[in-house]
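Each chain, letter by letter, is given below.
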Amino acid sequence: MPEVLALLSSKGGVGKTGLCANVAAQAARLLHPERVLCVDLDPSGDLALDLGYRGEVADDQGSALVGALLHGTTPRPAPTGRAGLDVFAGGPRLGFAVNVKACLASDAVGALADVLGRLGGGYRLVVVDCPPGLGALSRLALAAADGVVIPTRADDGSLAAIGALAPVWRDIRTRHNAGLALLGIALMQVPTEVRRLETRLRDDLRIVGEGHLRVFRTAVRANSEAAYGARRLGLTADEYAHHAHSTDNDEPARAARALAEDYRHLTGEILGRLRARRAPTARGAHR
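Nothing here was measured: the structure is a model prediction, and the numbers come from that model.

**Structural notes on the overall build of the protein chain**
Here's step 1: Scanning the protein chain for helices and strands turns up 13 helices and eight strands.
Here's step 2: The buried share among the 287 residues of the protein chain stands at 53%.
Here's step 3: In the protein chain, the proportion of contacts linking residues at least 24 apart, taken out of those at least 6 apart, comes to 80%.
Here's step 4: Surface accessibility of the protein chain: about 13,000 Å² in total, with carbon and sulfur atoms responsible for 52%.

What follows is the structure, given as structure tokens:
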């Protein structure tokens with residue numbers, strides 16, 4: 001079974017979907033020839049914008065996922081047009097799933113884990129984009145995940161939202177997934193001109209997590225022009241950097257390269273922590 005990475009926030013607008021698209025695309029290159037799968041559990045389906053398949057065959061509005069979660073079918077992942085990266089699309093049809101008793105019932109929390117356990121295709125990693133909040137779909141993701149990354153922005157509301165995760169986290173670990181690990185907090189859209197803000201954020205997060213939350217060293221700097229340009233074209237930051245480099249305007253190219261660099265470094269950190277999580281188990285099994 002592939003390793004499962006869930007990106008989760010109880011608050012919307014923190015850059016979670018962009019992080020999902022960029023981590024998955026970077027991982028597909030790093031893990032080649034093994035494959036990576038994106039799972040969009042968000043009824044908004046906005047991962048389709050970041051990966052550029054909105055309106056394409058891959059964009060089934062969440063139908064394949066709904067069928068798998070509620071009826072036990074084995075959906076076929078759709079290609080994203082990138083080597084080694086496939087997707088289960090999200091969309092409004094997932095909104096129906098959260099109102100179905102079978103999806104909310106305690107004994108159905110493992111439904112996504114069951115779906116991923118039936119996957120073929122040689123997937124090494126599954127990256128799950130959870131919807132904002134801590135409802136039924138997010139609980140499915142937590143029950144299936146090996147590791148969780150929580151993105152947060154530089155505002156008090158986003159920081160306070162991290163504390164709301166604690167009771168759900170404890171319930172999932174106690175009743176459904178004892179191996180669930182919090183890999184760390186990813187700081188998103190941090191203003192480049194205010195480096196002291198990043199230090200304050202890290203201190204605040206340590207207070208919220210009572211010293212137990214680890215913050216990734218790489219922060220994704222605020223770069224709205226490059227982020228908007230990439231999403232408008234359905235490109236990842238790295239792809240957009242190559243696109244911007246081909247133009248005559250140096251400033252957008254520099255901004256695009258900076259954003260791509262942040263995502264590359266952050267992806268490396270996330271995959272490193274995911275690997276490290278499994279290392280003690282592997283050594284114990286060897287002994």
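**Focus on helix α7 (residues 136-144)**
In an α-helix, one turn spans 3.6 residues; hence positions three or four apart end up facing the same way.
Here's step 1: Among the nine residues in α7, eight count as buried, and that is most of the element.
Here's step 2: Considered for burial, the residues of α7 that qualify are Ala136, Leu137, Ser138, Leu140, Ala141, Leu142, Ala143 and Ala144.

**Details of the sheet that holds strand β7 (residues 181-190)**
Note on sheets: strands pair through backbone hydrogen bonds, and any given pair is parallel or antiparallel.
Here's step 1: Pairing in this open sheet of eight strands is mixed, and the strands run β3-β4-β2-β5-β1-β6-β7-β8 from one edge to the other. At either margin of the open sheet sits one strand with a lone partner, and together these are β3 (78-82) and β8 (220-221).
Here's step 2: Pairing geometry for strand β2 (residues 35-40) and strand β4 (residues 85-88), over four bridges, is parallel. What sits directly across from Leu37, in β4, is Asp86.
Here's step 3: Contacts from helix α1 (residues 16-31) reach β1 (3-7), β2, β4, β5 (123-129), β6 (147-152) and β7 within the one sheet, and its direction differs from that of β5 by about 170°.

**Quick look at the environment of Gly95**
Here's step 1: Mapped onto the fold, Gly95 is located in helix α4 (residues 93-97).
Here's step 2: Judged by relative accessible area, which is 23%, Gly95 ranks as partly exposed.

**Here we look at the nonpolar core**
Among soluble globular proteins, nonpolar side chains are generally buried collectively.
Here's step 1: Among the nonpolar cores identified, the biggest contains 46 residues, and Leu5, Leu19, Val36, Leu125 and Val149 are the most heavily contacted of them.
Here's step 2: In this view, Val36 contacts Ala24, Ala27, Ala28, Leu31, Gly84, Leu85, Asp86, Tyr123, Leu125 and Val127; residues no more than four positions away in its chain are not counted.
Here's step 3: Within the second largest apolar cluster, 45 residues are counted, among which are Leu41, Leu119, Val126 and Leu137.

**A closer look at the packing of α7 against helix α9 (residues 165-175)**
Here's step 1: It is the contact of α7 with α9, at a shortest axis distance of 10 Å, that shows an interaxial angle of 50°. The pairing of α7 with α9 is recorded here as oblique in orientation. Two packed elements cross with a definite hand, and for α7 against α9 that hand is right-handed. Counted together, Arg139, Leu142 and Ala143 of α7 and Leu165, Val168, Trp169, Asp171 and Ile172 of α9 form the full contact between these two elements.
Here's step 2: Each residue belonging to the contact of α7 with α9 can be placed in one class, and the counts come to six nonpolar, no polar and two charged.

**Some points on the pairing of β3**
Here's step 1: Both β3 and β4 contribute to a ladder of three bridges, which runs antiparallel. Looking at the pairing, Ala78 lines up with Val87 of β4.

Basis of the calculations
- Residues numbered from 1 in each chain as written.
- Predicted model: local features only at pLDDT ≥ 70, side-chain atom pairs only at ≥ 80, totals over all residues.
- Heavy atoms only, no water.
- Helix = DSSP H or I, 4+ residues; strand = E, 2+ residues; numbered from the N terminus.
- Buried < 20%, exposed > 50% of the residue type's maximum accessible area, 1.4 Å probe, protein only.
- Contact = heavy atoms within 4.5 Å.
- Areas by Shrake-Rupley, 256 points an atom, 1.4 Å probe, with all protein chains shown as cover.
- Pairing = 2+ DSSP bridges.
- Axes fitted to C-alpha atoms, helices over the stretch in contact; angles between N-to-C directions.
- Core = buried A, V, L, I, M, F, W, Y, C linked by side-chain atoms within 4.5 Å.
- Parallel < 35°, antiparallel > 145°, perpendicular 65-115°, else oblique.
- Left-handed = near helix turned anticlockwise from the far one by under 90°.
- Nonpolar A, V, L, I, M, F, W, Y, C, P; charged D, E, K, R; others polar.

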